[in-house]
Amino acid sequence: MLELSLLGTVFLLVGLALWLSADSDDDDSSGGLRQPVLVPIPVRDQRR
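From a predicted model like this one, the values you see are computed outputs, not experimental measurements.

Trainee: Where do I start with the overall build of the protein in this structure?
Mentor: Helix and strand counts for the protein stand at one helix and zero strands. When the 48 residues of the protein are sorted by exposure, 2% land in the buried category. When the accessible surface of the protein is split by element, carbon and sulfur atoms take 64% of a total near 5,300 Å².

As structure tokens, then:
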């Protein structure tokens, strides 16, 4: 039973280390997620 608990702990620690070392999905490797770009939409002031 001790070996099974030790094996589970090792797998947990290895998985945690791999998860923390994985790079994010951004291109500049700044550590955060990419923010969406806001595009202005032209709006008419007067009704036709």
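After presenting the structure, the write-up continues.
Trainee: Can you walk me through a nonpolar patch on the surface in this structure?
Mentor: Together, Met1, Leu4, Leu7 and Phe11 give the surface a local cluster of nonpolar side chains, amounting to about 510 Å² of exposed area. Topologically, Phe11 is positioned in helix H1 (residues 2-21).

Trainee: Help me understand H1, please; the structure alone is not making it clear to me.
Mentor: Counting along an α-helix, one turn takes 3.6 residues, and residues three or four places apart therefore face a common direction. The first and last C-alpha atoms of H1 sit 28 Å apart over 20 residues, in line with the 28 Å expected at 1.5 Å per residue. Here H1 lies mainly on the outside; zero of its 20 residues are buried.

Trainee: I'm lost on the environment of Thr9 in this one. Help?
Mentor: Mapped onto the fold, Thr9 is located in helix H1. With a relative accessible area of 42%, Thr9 lands in the partly exposed category. At 2.8 Å, the side chain of Thr9 and the backbone oxygen of Ser5 are in polar contact.

Reading the values: the criteria
- Residues numbered from 1 in each chain as written.
- Predicted model: local features only at pLDDT ≥ 70, side-chain atom pairs only at ≥ 80, totals over all residues.
- Heavy atoms only, no water.
- Helix = DSSP H or I, 4+ residues; strand = E, 2+ residues; numbered from the N terminus.
- Buried < 20%, exposed > 50% of the residue type's maximum accessible area, 1.4 Å probe, protein only.
- Areas by Shrake-Rupley, 256 points an atom, 1.4 Å probe, with all protein chains shown as cover.
- Patch = residues over 30% accessible without salt bridge, like charges linked within 9 Å, V, L, I, M, F, W, Y side chains within 5 Å.
- Salt bridge = Lys/Arg side-chain N within 4 Å of Asp/Glu carboxyl O.
- Expected span 1.5 Å × (residues − 1).
- Polar contact = N/O pair within 3.5 Å; in protein donor to acceptor, adjacent residues only side chain to side chain.

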